[in-house]
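Remarks on the overall topology
What follows is each chain in one-letter form.
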Amino acid sequence: MSATTSSLPVPAFPAQGVATERPAINPWVIAITVTLATFMELLDTAIANVALPHIAGGLAVSYDESTWVLTSYLVSNAVVLPLSAWFSRVFGRKRYYMACVLLFTISSLLCGFAPSLSLLILFRVMQGIGGGGLAPVEQAILVDTFPAQKRAAAFALYSMAIVTAPVIGPPLGGWITDNWSWRWIFFINIPIGIVSMFLTNRLVSDPPEFTREVEAARRDGKLKIDGLGIFLVALGFASLEVVLDRGQTEDWFGSNFIVAFFSIAIVALVAAVFWELHHKDPVVEIRLLGERNFAIANIFYFLFGFALFGSTVLIPQMLESLYGYTATDAGLVLAPGALVIVVLAPVIVRILPKVGIKPLIFVGYVIFAIAMWRYAGIDLHTDYKHIALIRVLQGLGIAPLFVPVSQLAYSYLPKHKNNKASSLTNLFRNQGGSFGIAFVTTYLARRTQYHQSVLVAHTTPYDPQYQSTLNALTHYFATRGFTIPDAALHAKAQIARLVLQQASFLGFMDCFWLLGCACIIGAPIVLFTRKIRNAPSTQGAH
């Protein structure tokens, strides 16, 4: 049963109890409408990453201070994600979704005009609150709008937005900041937000089942504000996000700042789990993880976010720092992989009923792992073509993952749980991304230091290869007009630079190898899933 809509214009905030018939509006129009805002939110996050140096310069602050522009957004986003299902029930799904789009659009405008870093951070918090509710509500709308047999195609569209937005963001952000101003990375959200608000208002309605459940809960007095649950969940995930985002720069547990926030996160999250398990109407319905397929699907979402976002951060950083690529060129290396996913998404939808969910997920994670290990086998002479082809291979691994995993997640859940389920799936995917980014930044720094110490141990006057290289470089600089002492100094500096470059390169290779190991974990886990019921009439989430 699809979400009820009407071919006639509907008011911005429709009455919750209105029952309508099957919508005359094409469900694909609804799908594109709700995907638009999610794409905007994910695109904006990726664009802001490359604009940090410009923001720091424009607001006369240090680069380290400017990183709070990212941290503040991620923290508020992480807080709202698990609470979005509860907000949808309190305000109505359509109302809450439109409020999120409106808040995101207004805060984007304020970010663009922010005169100081403190105000920019405040507006980014507002932006994160608005953006955090978009993806979970969109996923719930898609589940209710499309019947079970057509839901895979809707998830394919959703997966395109999730994968392509982070790819388009860096080159687009680099081009905007280089040619206009960093403020325009926020201004471009405004027309998209206005269009999204207009279309959502006219096309989207809450499904009757959802409306009846909320009204029944209100009548029975069950729809009460779980103040303690909201506080514990918000405090726990906000503190955890601060730990993940600032851990490397603050030297992790060597910093009292990180230890304090980590302690708060652990205490708050453990208390939240205990409280939510014993609450009659929990803000986050943890009991849903008791359904095996849903729990395993969330493991897949976590691994997917971990490897995808970790590699998306690593690849441009490696190309810019070691290969001399510009930010735009490094971003374009990611484009072929996104193109493969877009092309293959409808193919996956077609073959899914014939091949089945398990084989596609198994093959997807194996190919994903192989792509990561292929990255771990390149060298400093690998050209653009080969790096882009490995990204294509990665796209071949990602394409069979998202749609089957989404189908798996909702395979045994009753329909009235779709809203709460979407909050959890998006939470696991986002937390996977946060853990993946924190892991690669930390592991890269640690492994680079390790390899540098090993290489430096061999750069001594007693090492024949070092001495030979030093003499060759000294001779080279001497023939270019340097005095012998200056030529020797330049030769040593050149060797030091080469050592650092090699150490950094080996650190990147180690990261790619472990990302591959994380991906391969997903392949055997699929064997533990329950068999999917194919008949739409018996499927719980249709």
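Above: the structure in question.
Residues numbered from 1 in each chain as written. Predicted model: local features only at pLDDT ≥ 70, side-chain atom pairs only at ≥ 80, totals over all residues. Heavy atoms only, no water.

Across its full length, the chain holds 21 helices and 0 strands. Evaluated residue by residue, the chain yields a buried proportion of 54% over its 542 residues. Contacts in the chain between residues at least 24 apart in sequence constitute 82% of all its contacts with a sequence separation of at least 6. Accessible surface, the chain: about 22,700 Å² in total, of which carbon and sulfur atoms supply 68%. (Helix = DSSP H or I, 4+ residues; strand = E, 2+ residues; numbered from the N terminus. Buried < 20%, exposed > 50% of the residue type's maximum accessible area, 1.4 Å probe, protein only. Contact = heavy atoms within 4.5 Å. Areas by Shrake-Rupley, 256 points an atom, 1.4 Å probe, with all protein chains shown as cover.)

Bringing the packing of aromatic side chains into the picture now. Scanning the entire structure with this criterion turns up 18 aromatic pairs. Arranged with centres 5.3 Å apart and planes meeting at 80°, the rings of Trp184 and Phe187 form a pair that is edge-to-face. With a gap of 3 residues between them, Trp184 and Phe187 both fall in helix H9 (residues 184-187), about one helical turn apart. Trp184 gets classed as partly exposed once you look at its relative accessible area, which sits at 40%. The exposure class of Phe187 is buried, given its relative accessible area of 15%. (Phe/Tyr/Trp six-rings, centres within 6.5 Å; stacked < 30°, edge-to-face > 60°.)

Right, let's talk about the packing of helix H16 (residues 357-375) against helix H21 (residues 484-525) for a bit. To characterise two packed helices, one gives the angle between the axes of the helices and the distance between these axes. H21 packs onto H16 with a crossing angle of 170° between their chain directions and a minimal axis gap of 8 Å. When the axis of H16 is compared with that of H21, the two are roughly antiparallel. From H16, Phe362, Tyr365, Val366, Phe368, Ala369, Met372, Trp373 and Tyr375 reach across to H21, where they touch Met509, Phe512, Trp513, Leu515, Gly516, Cys517, Cys519, Ile520, Gly522, Ala523 and Pro524. Residues belonging to the contact of H16 with H21 are distributed by class as follows: 17 nonpolar, 2 polar and no charged. (Axes fitted to C-alpha atoms, helices over the stretch in contact; angles between N-to-C directions. Parallel < 35°, antiparallel > 145°, perpendicular 65-115°, else oblique. Nonpolar A, V, L, I, M, F, W, Y, C, P; charged D, E, K, R; others polar.)

Each α-helix winds once per 3.6 residues, and so residues spaced three or four apart point in a common direction. For helix H3 (residues 68-80), spanning 13 residues, the distance from its first C-alpha to its last is 18 Å, which sits close to the expected 18 Å at 1.5 Å a residue. By the criterion of burial, H3 is predominantly enclosed, with 11 of the 13 residues buried. Inspection of H3 places Val69, Leu70, Thr71, Ser72, Tyr73, Val75, Ser76, Asn77, Ala78, Val79 and Val80 among the buried residues, and these make up the whole buried set. (Expected span 1.5 Å × (residues − 1).)

It is worth spelling out a nonpolar patch on the surface at this point. Together, Leu228, Phe231, Leu235, Ile264 and Trp275 line one region of the surface with nonpolar side chains, adding up to about 420 Å² of accessible area. When contributions to the nonpolar patch are tallied by element, the ones reaching two or more residues are helix H12 (227-246) and helix H13 (256-277). Take the nonpolar patch: its biggest share by element is 3 residues, from H12. Position of Ile264 among the secondary structure elements: in helix H13. Under the relative-accessibility criterion, Ile264 is labelled partly exposed at 36%. (Patch = residues over 30% accessible without salt bridge, like charges linked within 9 Å, V, L, I, M, F, W, Y side chains within 5 Å. Salt bridge = Lys/Arg side-chain N within 4 Å of Asp/Glu carboxyl O.)

The next thing to look at is the packing of helix H5 (residues 93-113) against helix H10 (residues 189-203). With their axes 9 Å apart at the nearest point, H5 and H10 run at an angle of 165° to one another. Between H5 and H10, the interaxial angle falls into the category roughly antiparallel. As for the relative orientation of H5 and H10, their crossing is left-handed in sense. Every residue of H10 that contacts H5 at Lys94, Tyr97, Met98, Val101, Leu102, Phe104, Thr105, Ser108 and Leu109 is listed here: Asn189, Ile190, Gly193, Ser196, Met197, Thr200 and Asn201. Taken together, the residues that form the contact of H5 with H10 break down as 8 nonpolar, 7 polar and 1 charged. (Left-handed = near helix turned anticlockwise from the far one by under 90°.)

Our focus in this paragraph is the side chain of Thr382. Here Thr382 lies in the loop between H16 and helix H17 (384-398). Of the polar contacts made by the side chain of Thr382, one reaches the backbone nitrogen of Asp379; its length is 3.0 Å. Not counting the four nearest positions on each side in its chain, Thr382 is found in contact with Tyr323 and Ile387. (Polar contact = N/O pair within 3.5 Å; in protein donor to acceptor, adjacent residues only side chain to side chain.)

Turning our attention to the environment of Phe505. Considering the arrangement of structural elements, one finds Phe505 in helix H21. Note: C-alpha distance between Phe505 and His451 (54 residues apart in sequence) is 9.3 Å. Those residues in contact with Phe505 that sit more than four places away from it in its chain are Leu322, Tyr323, Ile378, Asp379 and Leu380.

This next bit is on the environment of Ala51. Mapped onto the fold, Ala51 is located in helix H1 (residues 27-58). For the pair Ala51 and Gly173, spaced 122 residues apart in sequence, the C-alpha to C-alpha distance is 6.5 Å.

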